[in-house]
Amino acid sequence: MADTHVLFVEDDDVIREATQLALERDGFEVTAVPDGLLGLERFRARRPDIALLDVMVPGLDGVSLCRRIRDESTVPVIMLSARADSIDVVLGLEAGADDYVTKPFDGAVLVARIRAVLRRFGHASGPNGTGAADEPEPLEGGVLRFGDLEVDTEGMEVRKAGEPVALTPTEMRLLLEFSAAPGTVLSRDRLLERVWDYGWGGDTRVVDVHVQRLRGKIGQDRIETVRGFGYKLRG
C-alpha cells in the first residue's frame, strides 16, 4: 500500500489530521484538504488511487464533488457521513460513490474499507459464479449475451444494442456477479460479500442504489427485484 495515494477531503481539523496520520502509519500517501473546491483542484492535479469525501464540507459539498469526480474518472470514492440514516448517504451513492463510512469511525475500520475497495478495483477478473439453469448464450472471447446486452468478461466491456455502456468498476463487478448466475436470485447479503468484499453485515442501501444505477444504464427491466429475497438478472 506504500504507493497508494488517498485524497481526503474533511473540514474538521482534528478529524482530518488524526485520520491522515492513521492512514500514513498504514503506508498510504495522503493529500488532505479542508474544502471541496480545493479537493477538486488536487484531484485534477494528481489523480489519486481513492478519494475519501466528507459529505458536509465548504466550497463544494462532498456529494457535488463526487459527481464532478465521477464525470471525469472511475476512481473509487468512499463517502464519510456523520449520520448513518441521513439521506446524504443515499445521495452520495447515487452520485457515484462506491461505499460510505459513518462518523465517528475507528481508524482500523476505515483502513479495512479502503483496502476492500482497492482489492476489488484492482482485480480485472470477475467473480466465480456457480452458474444457473438459464445459461447465457456464449459468444467468442468470453462475451455473454442477455437479449440486446453483451458482457465481455475478459475485456471488461459492456454493450447494449451494439452501443458501449460506461460502467464504474463497482457497477461492472455487480453486473459480472449477476452474469455468472443469470436467472438465479442473489440476496443483498451475498452481493455485499461478493461485490463489496464485506465479511460482516453491511448496509443493504449500498446494493439497492447500485442496482438502480446499473438498471439506468443497461435497462430497467433487465434486473428483476424478487421481493423479500434479492435480485436476479433476466436472460
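Scoring rules and cut-offs
Residues numbered from 1 in each chain as written. Predicted model: local features only at pLDDT ≥ 70, side-chain atom pairs only at ≥ 80, totals over all residues. Heavy atoms only, no water. pLDDT = per-residue confidence, 0-100. Contact = heavy atoms within 4.5 Å. Salt bridge = Lys/Arg side-chain N within 4 Å of Asp/Glu carboxyl O. Helix = DSSP H or I, 4+ residues; strand = E, 2+ residues; numbered from the N terminus. Buried < 20%, exposed > 50% of the residue type's maximum accessible area, 1.4 Å probe, protein only. Arc of directions from axis to C-beta.

**Student:** When you look at the confidence of the model for the chain in this model, what are you seeing that I'm missing?
**Tutor:** Low-pLDDT stretches of the model should not have their predicted coordinates read in fine detail. Mean pLDDT over the chain stands at 86; residues scoring 70 or higher make up 89%. This stretch, residues 123-139, has a pLDDT under 50; its non-local contacts, to residues over four places away or in other chains, come to 32 contacts.

**Student:** Help me out: how do you make sense of the pattern of salt bridges in this one?
**Tutor:** Pairing between side chains becomes possible if they bear opposite charge and their charged atoms approach one another. Applying the stated rule across the entire model yields 20 salt bridges. Here D148 makes a salt bridge to K160, at a shortest N to O gap of 3.2 Å. Of this pair, D148 sits in the loop between β7 (143-146) and β8 (149-152) while K160 is found in strand β9 (residues 157-160), placing the two residues 12 residues apart along the sequence. By relative accessible area, which is 27% here, K160 ends up partly exposed. Of the charged contacts in the structure, one is a salt bridge between R213 and E171, with a shortest N-O distance of 3.0 Å. Residue R213 is found in helix α8 (residues 205-218), and its partner E171 is found in helix α6 (residues 169-179); the two are separated by 42 residues along the sequence.

**Student:** Would you mind showing me how to read helix α4 (residues 87-94) here?
**Tutor:** Every α-helix carries 3.6 residues per turn, so stepping three or four residues along brings you back to the same face. Within α4, burial applies to D88, V89, G92 and L93. For α4, the angular spread of buried residues about the axis comes to 135°, placing them on one side. Contact partners of the buried residues in α4: α3 (62-72), β4 (77-81), β5 (99-102) and α8. Residue G96 follows α4 closely and has a positive phi angle near 120°.

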